[in-house]
Amino acid sequence: MTQDELKALVGRAALDHVVPGSVVGVGTGSTVDRFIDALATIAARIAGAVSSSERSSERLRGHGIRVLDAAQVERIPVYVDGADEIDPRGYMIKGGGAALTREKIVADLAERFVCIADESKRVDVLGRFALPVEVIPMAAAQVARRFAAAYGGQARLREGVRTDNGQCILDVHGLRIADPLAMETEVNQWPGVVTVGLFARHKASLCLLGTAQGVVTLRY
Ligand code: 5RP
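Even after reading the chapter, I still don't get the packing of helix H2 (residues 30-39) against helix H3 (residues 54-62), so can you show me in this structure?
When two helices pack together, their arrangement is given by the angle between their axes and by how far apart the axes lie. One way to put it is that H2 packs onto H3 with a least axis distance of 10 Å and a crossing angle of 25 degrees. Here H3 runs roughly parallel to H2, going by the angle between their axes. For H2 against H3, the interelement crossing comes out right-handed. Across the interface between the two elements, Ser30, Val32, Asp33, Arg34, Ile36, Asp37 and Leu39 of H2 pack against Arg55, Ser56, Arg59 and Leu60 of H3. Within the contact of H2 with H3, the residues separate by chemical class into 4 nonpolar, 2 polar and 5 charged.

As structure tokens, this is what we get:
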């Protein structure tokens, strides 16, 4: 199967975790695009979606799915999103699509995070994928220096990219993240950091992993 076919497979498999009549949390990315396409087939059976990006909102609306503002909901049963990397504990790197802040906000509303990914995203230790960090532009140089000093990482500005929140993204290369919870806690304290793309406090509850043998469900 191609990577695209694996994405479509896990996108459809995620429908089994959608609670009928509920509002669904929807992430961002090419895998989530396939989930949104699958969600369209049961649009009449859900109350709507809370979306983590303008890109996903547009696709949801295009399929006739009602998009609610995050402020309109207190709690949602499930958030479905992809990942750039996922480790054996369900900790993830996210933000390859620059939507990490809204993704964490919607994940925070959810009781369960259902990660959908093809098997290339599974790693033993996070960090081969450069860690995205949304920062206020004024702080970018200082945050980059801190990453070098604290973790030996080299931060590069993602040129020409502004997030849906109008901020910029640093991609931090050369990390080996043995303790994602500790790093997330530490980096969150640095002035000017909006969101670090480590999802440790908001890790996956389960991962639907697309493999050549079909969908494998990993629980954490
Ligand atoms: C966007 C994300 C995505 O979930 C992540 O980049 C995976 O994307 P894709 O499904 O296209 O591989 O975090 O900010």
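So much for the structure itself; the text now carries on.
When you look at the packing of aromatic side chains in this model, what are you seeing that I'm missing?
One pair of aromatic rings is described through two measures. These are the centre distance and the angle between the planes. Counted according to the given criterion, the structure contains 5 aromatic pairs. Considering the side-chain rings of Tyr79 and Phe113, the 5.0 Å spacing of their centres and the 90 degrees angle between planes classify their relative orientation as edge-to-face. Taken together, the positions of Tyr79 in strand S4 (residues 76-81) and Phe113 in strand S7 (residues 110-118) put the pair 34 residues apart, joining distant regions of the chain. Each member of the pair, Tyr79 as well as Phe113, carries the same accessibility label: buried. Taken together, a centroid distance of 6.2 Å and an interplanar angle of 35 degrees make the contact between Tyr151 and Trp190 tilted.

Looking at this structure, how should I read the sheet that holds strand S1 (residues 23-26)?
Note: strands within a sheet are paired through backbone hydrogen bonds, in either parallel or antiparallel orientation. If you trace the 7 strands from one edge of the open sheet to the other, you get S3-S2-S1-S4-S7-S13-S14, paired in mixed fashion. The sheet is open, and its two edges are formed by strand S3 (67-68) and strand S14 (214-219), each paired on a single side. With respect to the sheet, H3 is in contact with S1, strand S2 (48-51) and S3, its orientation differing from that of S2 by roughly 165 degrees.

Quick question: what am I supposed to make of the environment of Asp179 here?
Following the sequence through the fold, Asp179 ends up in the loop between strand S10 (168-173) and helix H6 (180-188). Sequence separation between Asp179 and Ala200 is 21 residues, and the spatial gap between their C-alpha atoms is 9.2 Å. At 3.2 Å, the side chain of Asp179 forms a polar contact with the backbone nitrogen of Ala182.

Sorry, what's going on with the packing of helix H1 (residues 3-13) against H2 here?
Where H1 meets H2, the closest approach of the two axes is 8 Å, and the angle between their N-to-C directions is 50 degrees. Classified by the interaxial angle, the pair formed by H1 and H2 is oblique. Like other packed secondary-structure pairs, H1 and H2 cross with a definite hand, here right-handed. Here H1 contributes Lys7, Ala8, Val10, Gly11 and Arg12 to the contact with H2, which in turn contributes Ser30, Thr31, Arg34, Phe35 and Ala38.

What's the story with H2 in this structure? I'm lost.
Residues that lie three or four places apart on an α-helix share one face, since the helix turns once every 3.6 residues. Of all 10 residues that make up H2, 7 are buried, and the element is covered over most of its length. Listing the buried residues of H2 in full gives Thr31, Val32, Asp33, Phe35, Ile36, Ala38 and Leu39.

Conventions and cut-offs
What you see as residue numbers is a count from 1 along each chain, following the sequence as written. Local features in this predicted model are restricted to residues of pLDDT 70 or higher, and side-chain atom pairs are both shown and tallied only at a pLDDT of 80 or more, whereas totals for entire chains, interfaces and linings draw on every residue. Heavy atoms from the whole structure form the basis of all side-chain values; hydrogens and water molecules are not counted. Angular values range over 0 to 180 degrees, each being the angle between N-to-C directions of two axes fitted as lines to C-alpha atoms, with helices fitted over their stretch in contact. Helix and strand definitions here come from DSSP, where helices need a minimum of 4 consecutive H or I residues and strands a minimum of 2 consecutive E residues; each element is numbered from the N-terminal end. To sort the angles, those under 35 degrees are grouped as roughly parallel, those over 145 as roughly antiparallel, those from 65 to 115 as roughly perpendicular, and the leftovers as oblique. What makes a crossing left-handed is the near helix being turned counterclockwise from the far one by less than a right angle; a clockwise turn instead makes it right-handed. What makes two residues a contact is simply this: any of their non-hydrogen atoms within 4.5 Å. Amino acid classes used here: Ala, Val, Leu, Ile, Met, Phe, Trp, Tyr, Cys and Pro are nonpolar; Asp, Glu, Lys and Arg are charged; the rest, including Gly, are polar. Between rings of Phe, Tyr and Trp, where Trp is taken as its six-membered ring, a pair exists when centres lie within 6.5 Å; planes separated by under 30 degrees are stacked, by over 60 edge-to-face, and by other angles tilted. Only protein chains enter the accessibility calculation, which uses a 1.4 Å probe; a residue whose area is less than 20% of its type maximum is buried, one above 50% is exposed, and one in between is partly exposed. Whether two strands pair depends on DSSP finding at least two bridges between them. We call two N or O atoms a polar contact when they sit within 3.5 Å, provided that within protein one can donate a hydrogen and the other can accept it, with sequence-adjacent residues counted only if both atoms are side-chain atoms.

Interpretation in functional terms is not warranted from these geometric data alone.
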